[in-house]
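Each chain, letter by letter, is given below.
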Amino acid sequence: MAVELCLLLLLFCGSTISEVQPIYKPPPGTLDFGFVPSKTYDTGAYHEPGAIGILFKIVHAFLYLVQPNTFPQDLIRKLAQQQFGNTQGDYQKAIYYEIGFIVSAALGLLFILLLPLVGLCFCMCRCCDNCGGEMHQRQKKNADCQRSCFATFLFVASLIISVGVLCAYAANQHLTNQVRGAKKLVNSNFKDLKIFLNDTPAQIDYLVSQYNTTKDKALSDLNNVGPVLGTRVQEQLGKEVRPALDAALTMAGAIRETKEALENVSVSVEVLQEGTERLHANLTDVKMHLSNTLNDSACNAAQAASTCNIIKNSLEQLNINANFSGLPGVSSQLAKVNDVLKIDLSSLVQKGYAAFNDTPDLVVNQTRNILSDIKSVLESIGSNITTFTRALPVQKILADLMVHLTQTEAYVQDYFPVVEQYDFYRWLGCLILCCMLVLILVFYYLGLLCGTCGYDKHASPTTRGCISNTGGNFLMAGVGFSFLFSWVLMIVVVLTFVTGGNVEKLVCEPFEDKNLFKVLDTPYLLNKHWKNYLAGIIFKNPNVNLTFEKVYSDCKENKGIYTSLHLEHLFNINELLNISMYTEDVAFRIEHIQINLSKIILLDEIGKENLLNFSSSGVDGIDFSAYLTEINKSVTKVDLLSFANDLEARADQLPKGALENALKGHANNIRMIHNQQVVPLEQAMSTLNQSIRLLKRTSSELMVKVKNVISAVNAAQNLINNNASQVIVQETKKYMDTIIGYFEQYTEWVKESISMEVAACKPIANVIDTAVDIFLCSYIADSVNTFWFGLGGSSMFLIPAIIFAVKLSKYYRRMDTEDVYDDTENGNNGYHKEHLYGIHNPVFTSSVEQW
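The structure presented is a predicted model; accordingly, all values stated were derived computationally and were not measured.

## Some words on the overall build of the protein
Link 1 in the chain: Along its length, the protein carries 28 helices and 2 strands.
Link 2 in the chain: By the burial criterion, 47% of the 851 residues in the protein qualify as buried.
Link 3 in the chain: Across the protein, contacts joining residues at least 24 apart in sequence account for 88% of those joining residues at least 6 apart.
Link 4 in the chain: For the protein, the accessible area works out to roughly 42200 Å², and carbon and sulfur atoms hold 58% of it.

## Things to note about helix 24 (residues 658-699)
Link 1 in the chain: In this model helix 24 runs 59 Å from its N-terminal to its C-terminal C-alpha over 42 residues, within 8% of the 62 Å that 1.5 Å per residue would give.
Link 2 in the chain: H674 marks where helix 24 bends most, by close to 35°.

## Comments concerning the pattern of salt bridges
Link 1 in the chain: Applying the stated rule across the entire model yields 7 salt bridges.
Link 2 in the chain: Its salt-bridge partner being K556, residue D769 comes within 2.3 Å of it at the nearest N-O pair. Taken as a pair, D769 in helix 26 (residues 762-796) and K556 in helix 17 (residues 548-556) lie far apart in primary sequence, 213 residues in all.
Link 3 in the chain: On the basis of relative accessible area, D769 is assigned to the buried category, the value being 1%.
Link 4 in the chain: Residues joined in a network through salt bridges with shared partners are K550, D554, E557 and K559.

## Here we look at the environment of N613
Link 1 in the chain: Relative to the helices and strands, N613 is located in helix 21 (residues 605-615).
Link 2 in the chain: For N613, a relative accessible area of 36% translates into the label partly exposed.
Link 3 in the chain: Sequence-wise, N613 and K336 are 277 residues apart; in three dimensions their C-alpha atoms are separated by 8.0 Å.

## Some points on the packing of aromatic side chains
Two numbers describe a pair of aromatic rings. These are the distance of the centres and the angle of the planes.
Link 1 in the chain: Tallied over the full model, the rule gives 21 aromatic pairs.
Link 2 in the chain: An aromatic cluster is defined as three or more aromatic residues linked by ring pairs; in this entry it consists of F62, F101, F497, W788 and F789.

## Here's the deal with the side chain of S783
Link 1 in the chain: Within the secondary structure layout, S783 lies in helix 26.
Link 2 in the chain: Taking relative accessible area as the criterion, S783 reaches 1% and is therefore assigned buried.
Link 3 in the chain: Side-chain polar atoms of S783 contact the backbone oxygen of Y779, separated by 2.6 Å.
Link 4 in the chain: Other than its neighbours up to four places away in sequence, S783 contacts F56, A171, H174, L175 and S778.

## Things to note about the state of the cysteines
Link 1 in the chain: Tallying each qualifying case throughout the model produces 2 disulfides.
Link 2 in the chain: Through a disulfide, C555 is tied to C761; the S-S separation comes to 2.2 Å. As the torsion about the S-S bond is roughly -105°, the C555-C761 disulfide counts as left-handed. You can see C555 sitting in helix 17 and its partner C761 sitting in the loop between helix 25 (702-756) and helix 26, a full 206 residues away along the chain. Both residues of the pair, C555 and C761, belong to the buried class.
Link 3 in the chain: Sulfur of C149: no disulfide; nearest cysteine sulfur belongs to C145 and is 4.1 Å away.
Link 4 in the chain: This cysteine, C453, is not joined by any disulfide, and C450 carries the nearest cysteine sulfur, 7.2 Å off.
Link 5 in the chain: Since its relative accessible area comes to 58%, C453 is described here as exposed.

## Description of the nonpolar core
Link 1 in the chain: L602, L611, Y627, L663 and L688 are the most contacted members of the largest nonpolar core, which totals 138 residues.
Link 2 in the chain: Considering each element in turn, this core owes the most residues, 21 residues, to helix 7 (residues 225-294).
Link 3 in the chain: With residues up to four places along the chain from it excluded, the contact list for L602 reads V241, L245, L348, G352, F356, V713, A716, Q717 and I720.
Link 4 in the chain: Of all hydrophobic cores here, the second largest spans 48 residues; its members include V165, L441, V493 and L808.

## Looking at the confidence of the model for the protein
Link 1 in the chain: In this model, the protein carries a mean pLDDT of 77, and residues with pLDDT of at least 70 account for 81%.
Link 2 in the chain: Looking at the elements of the protein, mean pLDDT is at its lowest for helix 1 (residues 2-14), recorded as 36, and at its highest for helix 2 (residues 53-66), recorded as 91.
Link 3 in the chain: Scored below 50 in pLDDT, residues 1-28 shows 90 contacts in the model against residues more than four places distant or in partner chains.
Link 4 in the chain: Across residues 822-851, where pLDDT falls below 50, the model places 48 contacts with residues more than four positions away in sequence or in other chains.

## Let's talk about the packing of helix 14 (residues 466-512) against helix 27 (residues 798-812)
Link 1 in the chain: One can describe the packing of helix 14 onto helix 27 by two numbers: an axis separation of 8 Å at closest approach and a directional angle of 160°. One finds that helix 14 runs roughly antiparallel with respect to helix 27. Between helix 14 and helix 27 lies a crossing whose hand is left-handed. Side by side, helix 14 and helix 27 meet where S468, N469, G471, G472, L475, M476, V479, S482, F483, S486 and L489 of the first sit next to L798, I802, A805, V806, L808, S809, Y811 and Y812 of the second.

## Some remarks on the packing of helix 14 against helix 26
Link 1 in the chain: Running from amino to carboxyl end, helix 14 crosses helix 26 at an angle of 145°, the nearest separation of the two axes being 8 Å. Between helix 14 and helix 26 the crossing geometry is left-handed.
Link 2 in the chain: Along the lines of polarity and charge, the residues of the contact of helix 14 with helix 26 split into 19 nonpolar, 6 polar and 4 charged.

## Observations concerning unusual backbone geometry
Link 1 in the chain: Of note, the phi angle at K514 is positive, near 65°, even though the residue is not glycine.
Link 2 in the chain: As for its placement among the helices and strands, K514 is situated in the loop between helix 14 and helix 15 (515-520).
Link 3 in the chain: Of note in the backbone geometry, N558 takes a positive phi value of approximately 65° without being a glycine.
Link 4 in the chain: Note that N558 resides in the loop between helix 17 and helix 18 (561-564).
Link 5 in the chain: On the basis of relative accessibility, which here comes to 29%, the residue N558 falls in the partly exposed class.

## Notes on the side chain of S778
Link 1 in the chain: Assignment of secondary structure puts S778 in helix 26.
Link 2 in the chain: For S778, a relative accessible area of 12% translates into the label buried.
Link 3 in the chain: A polar atom in the side chain of S778 sits 2.8 Å from the backbone oxygen of D773.

What counts, and at which threshold
In this numbering scheme, every chain counts its residues from 1 along its sequence in written order. The model is predicted, so local features are restricted to residues of pLDDT at least 70 and side-chain atom pairs to those at 80 or more, both for listing and for counting; the totals for chains, interfaces and linings are taken over all residues. With hydrogens and water excluded, all non-hydrogen atoms of the structure serve as input to the side-chain values. The secondary structure listing takes helices from DSSP runs of H or I that are at least 4 residues long and strands from runs of E that are at least 2 residues long, numbered from the N terminus. Residue exposure (1.4 Å probe, protein chains only): buried if accessible area is under 20% of the type maximum, exposed if over 50%, otherwise partly exposed. Contact definition: two residues touch when any of their heavy atoms are within 4.5 Å. For accessible areas, the Shrake-Rupley method is used with a probe of radius 1.4 Å. Any residue's cover is judged against the shown protein chains and nothing else. One fewer than the residue count of a helix, multiplied by 1.5 Å, yields its expected span. Two axes enter the bend calculation: one fitted to the seven residues ending at the residue in question, the other to the seven starting there, and the bend is the angle between them. Salt bridges are defined as contacts in which a side-chain nitrogen from Lys or Arg sits within 4 Å of a carboxyl oxygen from Asp or Glu. Stacked, tilted and edge-to-face are the three classes applied to pairs of Phe, Tyr and Trp rings, where Trp contributes its six-membered ring and a pair requires centres within 6.5 Å; stacked means planes under 30 degrees apart, edge-to-face means over 60, and tilted covers the rest. Any N or O atom pair separated by 3.5 Å or less is treated as a polar contact, with the protein-specific requirement of one donor-capable and one acceptor-capable atom, and with residues adjacent in sequence counted only for side-chain atom pairs. By convention in this document, the label disulfide applies to cysteine sulfur atom pairs within 2.5 Å. We define a nonpolar core as any set of buried Ala, Val, Leu, Ile, Met, Phe, Trp, Tyr and Cys residues linked to one another through side-chain atoms lying within 4.5 Å. Per residue, pLDDT captures the predictor's confidence, and it can take any value from 0 to 100. Helix axes are fitted to C-alpha atoms over the stretch in contact, other axes to C-alpha atoms as well, and angles between N-to-C directions run from 0 to 180 degrees. Angular relationships are summarised with four words: roughly parallel below 35 degrees, roughly antiparallel beyond 145, roughly perpendicular across 65 to 115, and oblique for the angles in between. For a crossing to be left-handed, the near helix must be turned anticlockwise from the far one by less than a right angle; the clockwise case is right-handed. Gly is put with the polar residues, along with every residue not named as nonpolar or charged; the nonpolar set is Ala, Val, Leu, Ile, Met, Phe, Trp, Tyr, Cys and Pro, and the charged set is Asp, Glu, Lys and Arg.

Dropping the structure here:
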């Protein structure tokens, strides 16, 4: 039933998604599918024993000493395959592996057989007044030392037995406590299994519902086909279109700048020509008046003659240097450029920009019908998913599984009181065994207490007090019960030791290091016809590599049941997760999107003709060298300000008088001519210089530049008219891959979710851990092993306790007879009495005779 559920889960998920072979893998927008809903499992499959864990570790160490051999995988395999004993060495290997248990069990059996026999012989011997049965104590010099040693050894042995009893009782109580608390752990496992079954449909529904995320994203891109596909087409075409339009727009700006430059040249030349004429006339007048002044008789004086001559010789410098009257005019070029500007080339280029920027709208208008079909396909997928979901009997199967789980839980709940009742009987039996030892210890402790407290070293053996005598009787009572109970205790110890020890070594330790799973995964072990038993059960194909160890490990890591059981061998998820029929239909419709961009006109013929007219406007025929030659000259041959300053300085060298004042007046007149006429001419020359250089740059290879612009525009137009289909196909393909990429993301997400999150099988691993690691090993095996360890240790120390108790009782019990000897012969160590309670004293024969 569980297998059928897993298969239906996969089939259900496989009907919702597809796998498309990617041709081009663009990085589509990452879809956020959220997290698969899951609840936290309550069961913590780990047991912390607490303080008693120290005893468990001691027992484990003891078992390692008894059985240090590694897990016998080969022997277990042969035993499971009923081939054990077919070879001669099998029994030897088994004996070698179990030698520690065999020797320990043999010693236990020897204890069981001999101790009752020794006890019987001891009783018979004492009945014959031997073996310490004679109520006569021979005195020794070291009697006090022997008594102290025997008491000490018996007390130590009793303490060790007490520790063993406490260990056994603690283990017995621990097991009972764990059994009583096991109900909570069992209920937790059942609760997790119910969560496992209840959450699986919700997880499947969530996987199905997330198809809407994929669909919504695809529909969003389809609704925005203009910004998405149209913008992509526009970006690809814009790599050639925009530079061509930019060049045309730049050329339109150059035409306007050329017109302004020509106007500046025309105005500046006119200003310079008129200005230089006026300047020439003014400078001529200045020279004439200055010459008349220098011809004055005052210049003939000896002090002024040399200065006047110097000034006369410099008068030739007062003349214009640049001659603008011979410069060619630019009126014809300006007229042609004005004719070119009658057509607004910038406006034509902007129309081309606007037409090209309408590409997304063209895409939207021309793909409206196809996109509606694609949307219908996407909606049909959702309808098919819903239909298929309702057709699957998942809920019925889960309900059946829940019924079986509920029945099992009810059975366990009903059976649990029986388990507790039997555990009470076990606890009571173990308690009785502990009480046997406690009874013996009570006699020993009472004997030690009474004997030690009631002992009087000055009293003779026949006159010992009642308390001391009672202590000796307690000790002998303890010896008697030791003989009666010890063999019973040892029988229980041997049985629990062999059973519990082998469970620990053959089940618990191999389970912890997973060697047990390796044995179970042995080919042809559980079924001689199947190589892999688990694969044969699930897939009916034993050749599939499916192992118990791998399934347990995957479930331990809370992976999905699809991954844990390797269900790809039963239902290949790559085949199940396939709705290629839908994506192929979507791809087919997208690939056949036809977009016509021939309506886009970047620059019409008028604009191109306008550019050609500009190139033939004659701007490149201007004699720029003539202009630059005159522009590079100064307005006058000499700097008028410097000449005026020099003239004024020389006037200061003349004697005071009319000549000096006249020369200074001429200097001021020259300064005024400079400020009013030369400065404006220099400004006009600067403007002319800038305009001429601009025209020179613009006209440089003007025809070639215009032809390049027109060629670029034509090439871009040709791309739009003839080659845009290729760009559109490429971008449409990328757009299609983006849409399909959303489905691929959904597919991969569902695969990952099915593998790792859907129907996570942690509860199955928890059930196994609870049954084996916690119940069998931690609760039962560790408790049982600790019980026999404590009980066995106590039983073993009963032997020295018996010996010391028998020896010590002789010093505590009241004797019937005692040794009598002479003080002069034996000092003061003996007793000298004529009669003892009417019983004749035997003759002292030897001071070294043993009792």
